[in-house]
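Each chain, written out:
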Amino acid sequence: QVQLVESGGGAVQAGGSLRLSCAASGRTFRWNSMGWFRQAPGKEREFVAAINTAGGYTYYADSVKGRFTIPRDNAKNTVYLQMNSLKPEDTAVYYCAAGNFRLLIGAQDQDKYAYWGQGTHVTVSS
């Protein structure tokens, strides 16, 4: 079992930065690949970024590539989403997720993730 708690959301102006954190409980954290997803008002939840178990490989949605990064610290059982150059279209509820898979093939598929956090709100104003 893995329990996930996100934090770090808030309001920021376009061009600004935020860092989201996702703290995981349980000793199995290091065996899970981690992902971030987001859901904007009136839209379906979409993939943002993923990182494999050891942190050596990452995968990003085209919409955030070059602006967001997803580091993880297995010693702290925490994964982050560093968001730079934020745009109003980044406004959404952001969720972290954990999945018991090592390769990032298909990491954008929500069905690969067994555990989800409660979400944290990010609002980017123009």
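Heads up: the structure comes first, above all this text.
To keep things clear, this report deals only with the structure shown in the data block. Counting starts from 1 at the beginning of each chain's written sequence and moves along it residue by residue. Predicted model: local features are reported for residues with pLDDT of at least 70 only, side-chain atom pairs are reported and counted for 80 or more only, and whole-chain, interface and lining totals are derived from all residues. Based on all heavy atoms of the structure, the side-chain values leave hydrogens and waters out of the count.

## Some thoughts on the pattern of salt bridges
Heads up, the rule is: In what follows, salt bridge is the name for a side-chain nitrogen of Lys or Arg lying within 4 Å of a carboxyl oxygen of Asp or Glu. For every residue, the accessible area obtained with a 1.4 Å probe (protein chains only) is divided by the maximum for its type, and the residue is called buried under 20%, exposed over 50%, and partly exposed between those limits.
Under the definition given, this model contains four salt bridges. Notably, a salt bridge pairs Glu46 with Arg38, separated by 2.7 Å at the nearest N-O pair. Accessibility expressed as a relative area gives 36% for Glu46, which makes it partly exposed. Here Asp62 makes a salt bridge to Lys65, at a shortest N to O gap of 3.1 Å.

## Digging into the side chain of Arg72
What counts, and what does not: Note on conventions: DSSP H or I runs of at least 4 residues are helices, E runs of at least 2 residues are strands, and numbering of each starts at the N terminus. Under the counting rule used here, the positive set is Lys and Arg, the negative set is Asp and Glu, and His together with the chain ends is not counted. Polar contacts here mean pairs of N or O atoms no more than 3.5 Å apart (in protein, one a potential hydrogen donor and the other a potential acceptor; neighbouring residues in sequence count only if both atoms are side-chain atoms). Residues count as neighbours in contact if any of their non-hydrogen atoms are within 4.5 Å of one another.
On the secondary structure map, Arg72 appears in strand E8 (residues 72-73). One buried charge, Arg72, has no salt-bridge partner; the nearest side chain with opposite charge is Asp73, at 8.2 Å. Here Asn52 takes part through its backbone oxygen, which lies 2.8 Å from a polar atom of the side chain of Arg72. Sequence-distant contacts of Arg72, defined by excluding residues within four places in its chain, comprise Phe29, Arg30, Asn32, Ser33, Met34, Ile51, Asn52, Thr53, Gly55, Thr78 and Val79.

## Things to note about the packing of aromatic side chains
What counts is decided by this rule: Here a pair means two rings of Phe, Tyr or Trp (six-membered ring of Trp) with centres within 6.5 Å. Their orientation is stacked below 30 degrees between planes, edge-to-face above 60, and tilted elsewhere. The criterion for a charge sitting over a ring is simple: Lys NZ or Arg CZ within 6 Å of the ring centre, and within 35 degrees of the ring normal.
Evaluation of the coordinates by the stated rule reveals six aromatic pairs. For the pair Phe37 and Phe47, a centre-to-centre distance of 5.6 Å together with 75° between the ring planes defines the contact as edge-to-face. Here Phe37 is found in strand E4 (residues 33-39), whereas its partner Phe47 is found in strand E5 (residues 46-51), with ten residues between them in sequence. By the burial criterion, Phe37 is buried, and Phe47 matches it. Relative to Trp116, the ring of Phe37 lies with its centre 5.0 Å away and its plane at 55°, an arrangement referred to as tilted. Placement of Phe37 in strand E4 and of Trp116 in strand E11 (residues 115-116) is noted, with a sequence separation of 79 residues between them. Every member of this aromatic cluster is reached through a ring pair, and the members are Phe37, Phe47, Tyr59, Phe101, Tyr113 and Trp116. Over the aromatic face of Tyr95 sits the side chain of Arg45, whose NZ or CZ is 5.2 Å from the ring centroid. It is Arg45 that lies over the ring of Trp116; its NZ or CZ is 3.9 Å from the centre.

## Quick word on the nonpolar core
Going by this rule: Among the buried residues, those of types Ala, Val, Leu, Ile, Met, Phe, Trp, Tyr and Cys that are joined through side-chain atoms within 4.5 Å form a nonpolar core.
Ranked by internal contacts, the top residues of the largest apolar core, which has 36 residues, are Trp36, Leu81, Met83 and Tyr94. Elements with a minimum of two residues in this core: strand E3 (18-25), E4, E5, strand E9 (78-83), strand E10 (92-99) and strand E12 (120-125). The residues touching Leu81, leaving out its near neighbours within four places in the chain, are Leu18, Arg19, Leu20, Trp36, Val48, Ala49, Phe68, Thr69, Ile70 and Tyr94.

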